[in-house]
Amino acid sequence: MDTFFSGTRLSDMIRAIRASKTAAEERAVVRKECAAIRASINENEQDYRHRDLAKLMFIHMLGYPTHFGQMECLKLIASTGFPEKRIGYLGLMLLLDERQEVLMLVTNSLKQDLNHTNQYIVGLALCALGNICSAEMARDLAPEVERLLQFRDPNIRKKAALCAIRIIRKVPDLSENFTNPAASLLKEKHHGVLITGVHLCTEICIVSPEALEYFRKKCTEGLVKTLRGIANSPYSPEYDVAGITDPFLHIRLLKLLRILGQGDAEASDRMNDILAQVASKTESNKNAGNAILYECVQTIMSIEENGGLRVLAINILGKFLSNRDNNIRYVALNMLMRALTVDSKAVQRHRATILECVKDSDASIQKRALELIYLLVNENNVKPLAKELIEYLEVSEQDFKGDLTAKICSIVEKFAPEKIWYIDQMLKVLSEAGNYVKEDVWHALIVVITNAPDLHGYTVRALYRALHTSCEQETLVRVAIWCIGEYADLLVNNNGMLELEEPITVTESDAVDVVETAIKHHTSDVTTKAMALIALLKISSRFPSCSERVKSIIGQNKGSFVLELQQRSMEFSSVIQKHQNIRSSLVERMPVLDEATFSGRRAGSLPTAVSTSGKSSLSIPNGVVKAAAPLVDLLDLSSDDAPAPTSSSANFLQDLLGVDLTQPSPHPVSGTMQPSKAGADILLDLLSVGSPAPSSINGDLLSVHAKNAPVATNDTILSSPTAPSSMMDLLDGFEDKVPIYPSIVAFESSTLKIEFNFTKQPENPQATDIVASFTNLTPNVFTDFLFQAAVPKFLQLHLDPSSSNSLTANGNIKQTMRVTNSQHGKKPMVMRMRVGYKIDGKDMLEEGQINNFPREL
Amino acid sequence: RKLFFSSLLRIGSFISFFWSFVLRCAPSLNYEIMIHFVLLVSRQGKVRLTKWYSPYTQKERSKVIRELSGVILNRGPKLCNFVEWRGYKVVYKRYASLYFCMCIDQEDNELEVLEIIHHYVEILDRYFGSVCELDLIFNFHKAYYILDELLIAGELQESSKKTVARIISAQDQMVEAAKEEAGSISNIIAQATK
């Protein structure tokens, strides 16, 4: 054999790779080694297979391709010796993953090794199975694993338990088989087996409600006892971590108890004592203890209500939050977020501390804290919180500004008590971090501005001032330019001065200056420039004296390479030059933008931007009050007895809607600002009937002045349930418009012709009804006629029997089928078909593939 | 008839292609797992160990490694040990020149994972006798064997360091015994053929 490739040992190769000074050198070493390994594989050299695979794994870790070694793993696994199997299984787990088809070849070896007499070989096989098994392997090998759960050696039992977890994740149906063996693992004394057994039970409970009920009944008591035993156990060196016996087992037990207690008062009751003990007695000066406390708090929060325990839990979180260790503070923030749904008042108490965390130097903590603060904001605290956040915006790091800006804009918009405050805050944000403000946010600002006629002058002057200090912020420039274009006259003659405002002198040419700077500024993009051109056109009509200058500025863009700017420039020039007489009416002030439609549209396209956060359940604490207030208005409008919009009006609404609410609603909406949670939920449900309704309520600020908003909401709500007939009409209309699909000739031979006709039900676009008509082209009679079809997995086929199984000469029979395309609109239908029949007792067979289905099926 | 089934097979391969596509689009989203992967990176960004418990393609793996080492190696010393990354959390801890990273879900217990990392390091330390990066480079397979005794399917398997050490040494002895046996057999053969 060639000495060239048998030469290097594993450590020599690693040394050579480490000695490489450049990436190219390293590549050269690896290339040489790979070549040697390939050659050795081709020679089928057994003695070096072991070493080759070890080298390959190292090369794989460096990120080089090593697929050619995959088969070597299988060969090593199939060999008899333990060392070979050990490295073979390691290679298998490292070089392959569950998606490679090669893996199927190993199923048989795995099965043999799972039945091996050497328990360490069984262990290797279990480990590999647990780490990379696919659904097919899970099905094939589940019985082996089930048997090994009762193996004499605990080492094997624990591995089998984890394997079972993987199998259940892959094929949840198999959980049934594991329920009983898993339950018996809970009685084990060996910690490894107990940990994995508890985990297996947890996993089974997640996938199977019946098993959950079973464990709840049979095992809760035992688990509580085990946890008590472990929590009270004296020092045991083997499992001790920082003075606590086996924190891992603690945590696993608490997790399982959490699942058992959730939604079951009796089970929760049984675990109260031990939870209280763990929560109060666990040492909190080391990470291990805190990990247990953290898990315990989670369990307390999830199981059924127990006031005392909850207080204990919130106190632990409070302690966590004031901890100096960043890790602990991080998990506290995380946990408080979840606690918010349980007890938002308790979380509100920590607001100041959380606000401090937003300013932490650690990005992970900042992010968590900001999200939490965002959920804590309500109309009572929005002013100080927004102030703090905006102040912090000035000093925060670039990476964080985007998140922070988005959150500030959202809370300011949602909870603003009055428009002027909203505009002020938005101006601050725009001048501080305008580049991070999203498109829809500054659009919303403009909509609000147009709807506040008494603030036009104030706003445009404030924007003018801001523009001088921060002209780098693109969105600020845009909003300012837009407002100057609209309200240039108010800017110059100080119209509508507010008391708090300082007077400012702006001449007509100053206004033009500002817009000119914007159009020429290097940071301005096409949108800004286009907006500036419009603003200039508007100014030219408001200030005829500047008309000439404006004309020349607009003219400068005639040669712009950007089509949009060039066109605007040309057209605006001609408006100024040739159409003096209509110019002023052409560029009148924009009509007031309709807030309700805007916010509705916006909510439709960007649901998260307006409604507090992604998780609706979390948004409830500060969403409740908000949602109820506009509702009162809404009810006022619909009922005539306006002064007392209490339960009667709610009932009225219910009656009107004909919705049978199971809740008797004792006080669904009271005039106060604290409606019960249930009541609000019902109302939210009601509102969700009309789709644009919730959005205009969330964007409450926007709808304050828009008179038609509540009415519109009302209409949508009322129309849908009370006017079913009109809905039907609508549907009828649809049915008329059902597209007609052309029929196709699916198949044609010298003897037979098959045509397909398609129909579709409009309410189910995925399903297509096909009528196949078979025509006999010969003068003979076909008997025993049978049509068969096959479709790929994304299609579902249902074949009805054909109208007859014999076809007369030149005759015609029909057969219907229904095809459901789960990839409707993405993939066209495709079908294989086979037709069998007899002519004079002679078998005939025709086959074909049908690819010419209309694409939109 | 043959042609028919060969075409059916073709559809079959088309289907399996389709499924593999679906899996690739959504790695690890279809079920819950505690630790998605374990990653050991040196301070210079060299990978010393990777173990994937959720399916990732080779391409995704190198991308993950590149992204994460960029984030983690650049974090300051006094910050918390958690990084939020693509909707997951990565718990990391630095021991001398090595960063031990484990990726978990948002809801998992970060503090416990920190404890698992420490558990692993202590076992390595006992096995190698005050472990250093070089031990893990030249005996990388040993590091994997130990990890396999600690975690399976991304879940903790054993909380006793002593038990892990015992099982590893029993297996090491089996390897040694097999080597000796092979050595003695080849000696006998060599002598017999002399």
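Residues numbered from 1 in each chain as written. Chains lettered and ligands numbered in written order. Predicted model: local features only at pLDDT ≥ 70, side-chain atom pairs only at ≥ 80, totals over all residues. Heavy atoms only, no water.

The name an unreviewed UniProt entry gives chain B is Adaptor AP-1 19 kDa protein, with Brassica carinata as the organism. Reading the Function (unreviewed entry) entry of the UniProt record for chain B gives the comment "Subunit of clathrin-associated adaptor protein complex 1 that plays a role in protein sorting at the trans-Golgi network and early endosomes (TGN/EE). The AP complexes mediate the recruitment of clathrin to membranes and the recognition of sorting signals within the cytosolic tails of transmembrane cargo molecules." Listed in UniProt under the heading Subunit (unreviewed entry), the comment for chain B reads: "Adaptor protein complex 1 (AP-1) is a heterotetramer composed of two large adaptins (gamma-type subunit and beta-type subunit), a medium adaptin (mu-type subunit) and a small adaptin (sigma-type subunit)." (UniProt positions renumbered as here; feature names shortened; annotations may be inferred.)

Chain A carries the name AP-1 complex subunit gamma in an unreviewed UniProt entry, which gives Brassica carinata as its organism. Comment text from UniProt for chain A, heading Sequence similarities (unreviewed entry), reads "Belongs to the adaptor complexes large subunit family." The record in UniProt for chain A states the following under Function (unreviewed entry): "Subunit of clathrin-associated adaptor protein complex 1 that plays a role in protein sorting at the trans-Golgi network and early endosomes (TGN/EE). The AP complexes mediate both the recruitment of clathrin to membranes and the recognition of sorting signals within the cytosolic tails of transmembrane cargo molecules."

Caption draft 1: Structural context of the interface of chain A and chain B. Contacts between the two partners involve 82 residues from chain A and, on the opposite side, 78 residues from chain B. Regarding the contact of chain A and chain B, the summed buried area is about 7200 Å², with carbon and sulfur atoms giving 57% of it. Per-residue buried area on chain A facing chain B is highest for Arg 86, Arg 99 and Phe 248 of chain A; these three make up 11% of the total on that side. Joining chain A to chain B, the criterion identifies ten salt bridges. Between Arg 368 of chain A and Glu 84 of chain B there is a salt bridge whose closest N-O contact spans 2.9 Å. Seen at the junction of chain A and chain B, the total is 29 residue pairs in polar contact (both at pLDDT 80 or more). Residues of the side of chain A that touches chain B, tallied by class, amount to 32 nonpolar, 21 polar and 29 charged. (Contact = heavy atoms within 4.5 Å. Buried area = accessible area lost by both parts, 1.4 Å probe. Salt bridge = Lys/Arg side-chain N within 4 Å of Asp/Glu carboxyl O. Polar contact = N/O pair within 3.5 Å; in protein donor to acceptor, adjacent residues only side chain to side chain. Nonpolar A, V, L, I, M, F, W, Y, C, P; charged D, E, K, R; others polar.)

Caption draft 2: Structural view of the pattern of salt bridges. Across all of its chains, the model carries 45 salt bridges over all chains by this definition. When the shortest N-O distance is used, the salt bridge between Glu 564 of chain A and Arg 568 of chain A registers 2.6 Å. Of this pair, Glu 564 of chain A and Arg 568 of chain A are both found in helix 31 (residues 563-578), four residues apart, which corresponds to roughly one turn of the helix. Judged by relative accessible area, Glu 564 of chain A falls into the partly exposed class, the value being 37%. When the shortest N-O distance is used, the salt bridge between Glu 67 of chain B and Arg 86 of chain B registers 3.1 Å. (Helix = DSSP H or I, 4+ residues; strand = E, 2+ residues; numbered from the N terminus. Buried < 20%, exposed > 50% of the residue type's maximum accessible area, 1.4 Å probe, protein only.)

Caption draft 3: Expanded view of the environment of Pro 792 of chain A. Position of Pro 792 of chain A among the secondary structure elements: in the loop between strand 6 (782-790) and strand 7 (795-799). The spatial distance from the C-alpha of Pro 792 of chain A to the C-alpha of Met 829 of chain A is 8.9 Å, given a sequence separation of 37 residues.

Caption draft 4: Geometry of the sheet that holds strand 2 (residues 47-52) of chain B. If you walk across this open sheet you meet the five strands as 2-1-5-4-3 (chain B), and the pairing is antiparallel. Lying at the two open borders of the sheet, with one neighbouring strand each, are strand 2 and strand 3 (82-85) of chain B. Strand-to-strand twist in this sheet, taken as the mean axis angle between neighbours without regard to direction, amounts to 20°. Pairing of strand 3 of chain B with strand 4 (residues 88-95) of chain B involves four bridges; the strand directions are antiparallel. By the bridge assignment for strand 4 of chain B, Val 83 of chain B is matched with Val 90 of chain B. Against the sheet, helix 18 (residues 326-339) of chain A contacts strand 3 and strand 4 of chain B, and its axis sits at roughly 45° relative to strand 3 of chain B. Packing against the sheet, helix 2 (residues 58-73) of chain B makes contact with strand 1 (35-42), strand 2, strand 3, strand 4 and strand 5 (98-104) of chain B, and its axis sits at approximately 60° to strand 1 of chain B. (Pairing = 2+ DSSP bridges. Axes fitted to C-alpha atoms, helices over the stretch in contact; angles between N-to-C directions.)

Caption draft 5: Just the sheet that holds strand 8 (residues 812-821) of chain A, in detail. Residues and elements named next belong to chain A. As summarised here, the arrangement of the five strands in space is 3-4-5-8-7, forming an open sheet in which the pairing is antiparallel. Strands at the two margins of the open sheet, each flanked by one partner only, are strand 3 (744-748) and strand 7. Each adjacent strand pair in this sheet contributes to an overall mean axis angle of 25°, direction not counted. In the sheet, strand 7 pairs with strand 8 via five bridges, with the strands oriented antiparallel. Within strand 8, the residue paired with Leu 799 across the bridge is Met 817.

Caption draft 6: The arrangement of helix 9 (residues 135-148) of chain A in detail. Residues and elements named next belong to chain A. In this model helix 9 runs 19 Å from its N-terminal to its C-terminal C-alpha over 14 residues, within 8% of the 20 Å that 1.5 Å per residue would give. Met 137, Ala 138, Leu 141, Ala 142, Glu 144, Val 145 and Leu 148 are the residues of helix 9 that are buried. On its buried face, helix 9 is in contact with helix 7 (107-114), helix 8 (119-132), helix 10 (154-170) and helix 11 (175-185). (Expected span 1.5 Å × (residues − 1).)

Caption draft 7: Just the confidence of the model for chain B, in detail. All names here are of chain B. Looking at chain B, pLDDT values average 80 and 83% of them are 70 or higher. Low pLDDT, under 50, characterises residues 1-31; the stretch is placed with 42 contacts to residues that sit more than four places away or in other chains. Across the predicted assembly, pTM comes out at 0.65 and ipTM at 0.82. (pLDDT = per-residue confidence, 0-100.)

Caption draft 8: Region of interest: the pairing of strand 4 of chain B. Residue and element names in this part refer to chain B. Most of strand 4 is tucked away, with six of its eight residues classed as buried. Looking at chain direction, strand 4 and strand 5 are connected through seven bridges and run antiparallel. Pairing of Lys 89 across the sheet is with Ile 104, part of strand 5.

Caption draft 9: A look at the nonpolar core. By size, the foremost hydrophobic cluster in this structure holds 282 residues, and its most contacted members are Leu 92, Phe 178, Leu 200, Phe 215 and Ile 354 of chain A together with Leu 151 of chain B. Here the element with the most residues in this core is helix 27 (residues 474-492) of chain A; it accounts for twelve residues. Residues contacting Phe 215 of chain A, with those up to four places away along its chain left out, are Thr 179, Ala 182, Ala 183, Cys 201, Ile 204, Cys 205, Thr 220 and Leu 260 of chain A. With 30 residues, the next largest nonpolar core counts Phe 785, Leu 795, Met 817 and Tyr 837 of chain A among its residues. (Core = buried A, V, L, I, M, F, W, Y, C linked by side-chain atoms within 4.5 Å.)

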